[in-house]
Amino acid sequence: MWYTIYCEDIENSLPIRKQTRAAHLERIQILVDQGRLMVAGPNPAIDSQDPGAAGFTGSLIIAEFESLSEAQQWADTDPYTLAGVFQKVTVKPYIKVLP
């Protein structure tokens with residue numbers, strides 16, 4: 001089943017994001033390679049493709065897992081989570097309807 005993983009950043013998360021980005025993307029790439037990723041990306045702090053020093057306020061991942069507990073465990077062990085980028089992570093089942 002699909003699951004949304006919605007992550008909310010701590011204040012001024014950009015330095016930690018930059019430090020941990022390669023490990024985070026490497027882990028996301030595994031989902032891509034397994035055909036289990038629908039979408040992933042950050043929420044810019046300002047209305048811009050490149051928020052620069054403004055940074056990000058969170059991230060959204062929609063990926064396929066065997067269960068809610070597996071999705072939660074994956075989210076709990078993401079490099080960004082472990083490094084303290086996120087203040088809150090919400091994992092919920094998701095049903096794709098459109099398109």
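The rules behind these values
- Residues numbered from 1 in each chain as written.
- Predicted model: local features only at pLDDT ≥ 70, side-chain atom pairs only at ≥ 80, totals over all residues.
- Heavy atoms only, no water.
- Helix = DSSP H or I, 4+ residues; strand = E, 2+ residues; numbered from the N terminus.
- Rg over C-alpha atoms; globule rule 2.2 N^0.38 Å.
- Buried < 20%, exposed > 50% of the residue type's maximum accessible area, 1.4 Å probe, protein only.
- Contact = heavy atoms within 4.5 Å.
- Lys, Arg positive; Asp, Glu negative; His and termini not counted.
- Charge placed at Lys NZ, Arg CZ, Asp CG, Glu CD.
- Salt bridge = Lys/Arg side-chain N within 4 Å of Asp/Glu carboxyl O.
- 1 Å grid on protein atoms, 1.4 Å probe; cavity = no way out; pocket = protein on both sides within 12 Å on 5 of 7 lines; lining within 4 Å.
- Points joined across faces, edges and corners; volume = space filled by probe spheres on them.
- Nonpolar A, V, L, I, M, F, W, Y, C, P; charged D, E, K, R; others polar.
- Pairing = 2+ DSSP bridges.
- Axes fitted to C-alpha atoms, helices over the stretch in contact; angles between N-to-C directions.

Focus on the overall build of the chain
A count of helices and strands for the chain gives 3 helices and 4 strands. Secondary structure elements of the chain occur, N-terminal to C-terminal, as β-α-β-β-α-α-β. Against the compact-globule benchmark of 13 Å for 99 residues, the chain has a radius of gyration of 13 Å, which places it among compact chains. With the C-alpha coordinates of the chain rotated into their principal frame, the extents come out at 35 × 30 × 25 Å. Within the span of the chain, comprising 99 residues, buried residues form 31% of the whole. Within the chain, residue pairs in contact and separated by at least 24 positions form 74% of the contacts whose partners lie at least 6 positions apart. Charge-centre separation for the chain: the mean point of 8 positive side chains lies 2 Å from the mean point of 12 negative side chains.

Things to note about the pattern of salt bridges
The full count for this structure, using the stated rule, is 3 salt bridges. Where Asp9 meets Arg17, a salt bridge forms, and the shortest distance between an N and an O atom there is 2.7 Å. Across the salt bridge formed by Glu70 and Arg36, the nearest N and O atoms sit 3.5 Å from each other. Residue Glu70 is located in helix H2 (residues 68-76), and its partner Arg36 is located in the loop between helix H1 (14-33) and strand E2 (37-44); the two are separated by 34 residues in the primary sequence.

As for the environment of Val85
Looking at where Val85 falls in the secondary structure, it is placed in the loop between helix H3 (79-83) and strand E4 (86-94). As a C-alpha pair, Val85 and Asp9 span 76 residues in sequence and 5.5 Å in three-dimensional space. Contact partners of Val85, with chain neighbours within four places excluded, come to Glu8, Asp9, Ile10, Ser13, Ile16, Arg17 and Tyr80.

Quick word on empty space enclosed by the protein
Any space left empty among the atoms is revealed by the rolling of a water-sized probe across them. Tallied over the full model, the rule gives 1 cavity of 30 Å³ or more. Taken as a whole, the largest cavity encloses approximately 40 Å³ of empty space. Surrounding the largest cavity, Ile5, Cys7, His24, Ile61, Trp74, Ala75, Asp78, Thr81, Phe86 and Val89 form its lining. When contributions to the lining of the largest cavity are tallied by element, the ones reaching two or more residues are strand E1 (2-9), H2 and E4. When the residues that make up the lining of the largest cavity are grouped by side-chain class, the tally is 7 nonpolar, 2 polar and 1 charged.

Side note on the sheet that holds E4
Across the sheet, which stays open at both edges, the 4 strands sit in the order E2-E3-E1-E4 with antiparallel pairing between neighbours. At either end of the open sheet lies a strand with only one pairing partner, and these are E2 and E4. In this sheet, neighbouring strand axes are inclined to one another by 10 degrees on average, regardless of whether the strands run parallel or antiparallel. As paired strands, E2 and strand E3 (residues 56-64) are joined by 7 bridges and run antiparallel to one another. Bridged to Leu37 within E3 is Ala63. Sheet contacts for H1: E1, E2, E3 and E4; angle to E3, the most-contacted strand, approximately 10 degrees. Strands E1, E3 and E4 of the sheet are contacted by H2, whose axis makes an angle of about 155 degrees with E4.

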